Structure formats: structure tokens, C-alpha cells
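Remarks on the overall topology
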Amino acid sequence: AGSILECLRLKKKLLVVINDKLSENHQAELAVELGGNGYLHYCTCSNLLTVLRDADFNNLKEFPSSESECFSYFLNQELGLPC
């Protein structure tokens, strides 16, 4: 799951190939959710060729940036710490 998020943060077009043999597959849950929101494409090994042929990577949405820097700036200001 960390690799998926890292690629999206780096603004990469992404196709996640899900290992459907894993139980409690958090990677699959994340890929399905992000794919449904238009940030990536996903598939399993069994439909990899079809997805590679049919997927339109130009229509993927850009993953939003992290706002952690804004939050830490706000928190430092509220606590009277240097920014």
C-alpha cells in the first residue's frame, strides 16, 4: 500500500497488479478505492493484458498533495513555536 501512495505522490501514472491470492489484502482494497476515484488503474494477473490494452492512462486524475506541511505550520503557530 505504501508503494501505491508513493507513486501517486510522485505524480506517476499507475497500474496496480493485485495479488488475489492474499487474504486480508489491503493493497487490493486501496487499489479498488483509488481506482474507483480515478487515480489509478488496477487488475489481477488474469486480466492484465486486457487492462493494458484498454486502459486510458491520460484520463487519470492527479492525486492530491499532502497538506501535512500546512498542518505543521498551523500547529507551530498555535503553540507559539518557530515555523
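Just so it is clear, the model here is predicted, and its values are computed rather than measured. (Residues numbered from 1 in each chain as written. Predicted model: local features only at pLDDT ≥ 70, side-chain atom pairs only at ≥ 80, totals over all residues. Heavy atoms only, no water.)

1. Some details on the overall build of the protein
For the protein, the helix and strand inventory stands at four helices and two strands. Secondary structure elements of the protein occur, N-terminal to C-terminal, as α-β-α-β-α-α. Across the 83 residues in the protein, those meeting the buried criterion constitute 22%. Partitioning the contacts of the protein with sequence separation of at least 6, the portion at a separation of at least 24 is 56%. For the protein, the exposed surface amounts to about 6,300 Å²; the carbon and sulfur share of it is 54%. (Helix = DSSP H or I, 4+ residues; strand = E, 2+ residues; numbered from the N terminus. Buried < 20%, exposed > 50% of the residue type's maximum accessible area, 1.4 Å probe, protein only. Contact = heavy atoms within 4.5 Å. Areas by Shrake-Rupley, 256 points an atom, 1.4 Å probe, with all protein chains shown as cover.)

2. Points about the pairing of strand β2 (residues 41-44)
The sheet contact formed by strand β1 (residues 15-18) and β2 spans four bridges and is parallel. In the sheet register, valine 17 faces β2, and the bridge partner there is cysteine 43. Once you follow β1 into helix α2 (residues 26-36) and on to β2, the crossover reads as right-handed. (Pairing = 2+ DSSP bridges. Right-handed = clockwise from strand over helix to strand, strands pointing away.)

3. So, the packing of aromatic side chains
In this structure the tally under the stated criterion is one aromatic pair. For the pair tyrosine 39 and phenylalanine 63, a centre-to-centre distance of 5.4 Å together with 85° between the ring planes defines the contact as edge-to-face. Here tyrosine 39, found in the loop between α2 and β2, pairs with phenylalanine 63, found in the loop between α3 (48-54) and α4 (68-79); they are 24 residues apart in sequence, far enough to count as distant. (Phe/Tyr/Trp six-rings, centres within 6.5 Å; stacked < 30°, edge-to-face > 60°.)

4. A look at the nonpolar core
Judged by nonpolar contacts, Ile4, Leu8, Leu14, Val16, Ile18, Ala28, Ala31, Leu34, Tyr39, Leu40 and Phe63 together constitute the single largest core of 11 residues. With three residues, α2 is the single largest residue contributor to this core. Beyond its immediate sequence surroundings of up to four residues, isoleucine 4 is in contact with Leu14, Val16, Gln27, Leu30, Leu34 and Leu40. (Core = buried A, V, L, I, M, F, W, Y, C linked by side-chain atoms within 4.5 Å.)

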